[in-house]
Amino acid sequence: MVTPVSHAIEESWKDTLPYTKFRVIHPGTDLERFEPEGEILEQYRGREVVLFPSRRIPSKGIEDLIEAARIVVEDAPNCVFLIAGASKQPNKYEDSLKE
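What you are looking at is a predicted structure, and each value in this text was computed from that prediction instead of being measured.

Here is what the cut-offs are and how they apply
- Residues numbered from 1 in each chain as written.
- Predicted model: local features only at pLDDT ≥ 70, side-chain atom pairs only at ≥ 80, totals over all residues.
- Heavy atoms only, no water.
- Helix = DSSP H or I, 4+ residues; strand = E, 2+ residues; numbered from the N terminus.
- Rg over C-alpha atoms; globule rule 2.2 N^0.38 Å.
- Buried < 20%, exposed > 50% of the residue type's maximum accessible area, 1.4 Å probe, protein only.
- Contact = heavy atoms within 4.5 Å.
- Areas by Shrake-Rupley, 256 points an atom, 1.4 Å probe, with all protein chains shown as cover.
- Core = buried A, V, L, I, M, F, W, Y, C linked by side-chain atoms within 4.5 Å.
- Pairing = 2+ DSSP bridges.
- Right-handed = clockwise from strand over helix to strand, strands pointing away.
- Salt bridge = Lys/Arg side-chain N within 4 Å of Asp/Glu carboxyl O.

Draft legend 1. Layout of the overall build of the chain. Counting its regular elements, the chain contains four helices and two strands. The C-alpha atoms of the chain give a radius of gyration of 17 Å, which is well past the 13 Å a tight globule of 99 residues would have. Projected onto its principal axes, the C-alpha coordinates of the chain cover approximately 50 × 35 × 30 Å. Within the chain, buried positions represent 18% of all 99 residues. Excluding contacts between residues fewer than 6 apart, the proportion of contacts in the chain whose partners are at least 24 apart in sequence is 49%. Approximately 8200 Å² of the chain is accessible, and the part contributed by carbon and sulfur atoms is 52%.

And the structure:
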């Protein structure tokens, strides 16, 4: 069985894997099971939050996220981008993230 994260990906894989069973599981968080709490919740209460839970490497799209964040925050200053991921070079994107 193959588990794509969207029906679009499932469709694109059907030609490559014609006899495979698929079960789409959309990424997300069950907020009833994992309810945010504590200091971090209070810090961002009332703001729009975009979470990037991934390693900070180019192949994961961190550079695209930083570019997109600049554009989004211009139109939506109440929006904040949080990056929760490890990096072998923790300071590599630090200057870009502060801008």
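Right, picking up where we left off after that structure.
Draft legend 2. Here's a closer look at the nonpolar core. By size, the foremost hydrophobic cluster in this structure holds five residues: Phe52, Ile62, Leu65, Ile66 and Tyr93. Among the elements that take part in this core, helix H3 (residues 62–75) stands out by supplying three residues, more than any other. With near-sequence residues (within four places) excluded, Phe52 lies in contact with Lys60, Gly61, Ile62, Leu65, Leu82, Ile83 and Ala84.

Draft legend 3. Spatial organisation of the pairing of strand E1 (residues 48–52). Pairing analysis gives five bridges linking E1 to strand E2 (residues 79–83), with the strands arranged parallel. Bridge pairing in E2 places Val50 opposite Phe81. For the crossover that starts at E1, traverses H3 and ends in the parallel E2, the hand is right-handed.

Draft legend 4. Geometry of the environment of Pro27. Following the sequence through the fold, Pro27 ends up in the loop between helix H1 (7–14) and helix H2 (39–44). You can call Pro27 exposed: its relative accessible area is 64%. Once the C-alpha coordinates of Pro27 and Ser6 are considered, the two residues, 21 residues apart in sequence, prove to be 8.5 Å apart.

Draft legend 5. Layout of the environment of Thr3. Its location among the elements puts Thr3 in the segment before H1. Distance in space between the C-alpha atoms of Thr3 and Val24 is 5.4 Å, their sequence separation being 21 residues. Setting aside chain neighbours within four positions, we find Thr3 in contact with Arg23 and Ile25.

Draft legend 6. Spatial organisation of the pattern of salt bridges. With the rule as written, the count across this model stands at three salt bridges. One salt bridge in this structure joins Lys14 and Glu11, with 3.2 Å as the shortest N-O distance. Residue Lys14 and its partner Glu11 are both found in helix H1; the two are separated by three residues, about one turn of the helix. A residue is classified by how much of its surface remains accessible, and Glu11, at 46% relative accessible area, is partly exposed. A salt bridge links Arg45 to Glu42, with the nearest nitrogen and oxygen atoms 2.7 Å apart. Among the charged side chains, a salt-bridge network with shared partners connects Glu10, Glu11 and Lys14.

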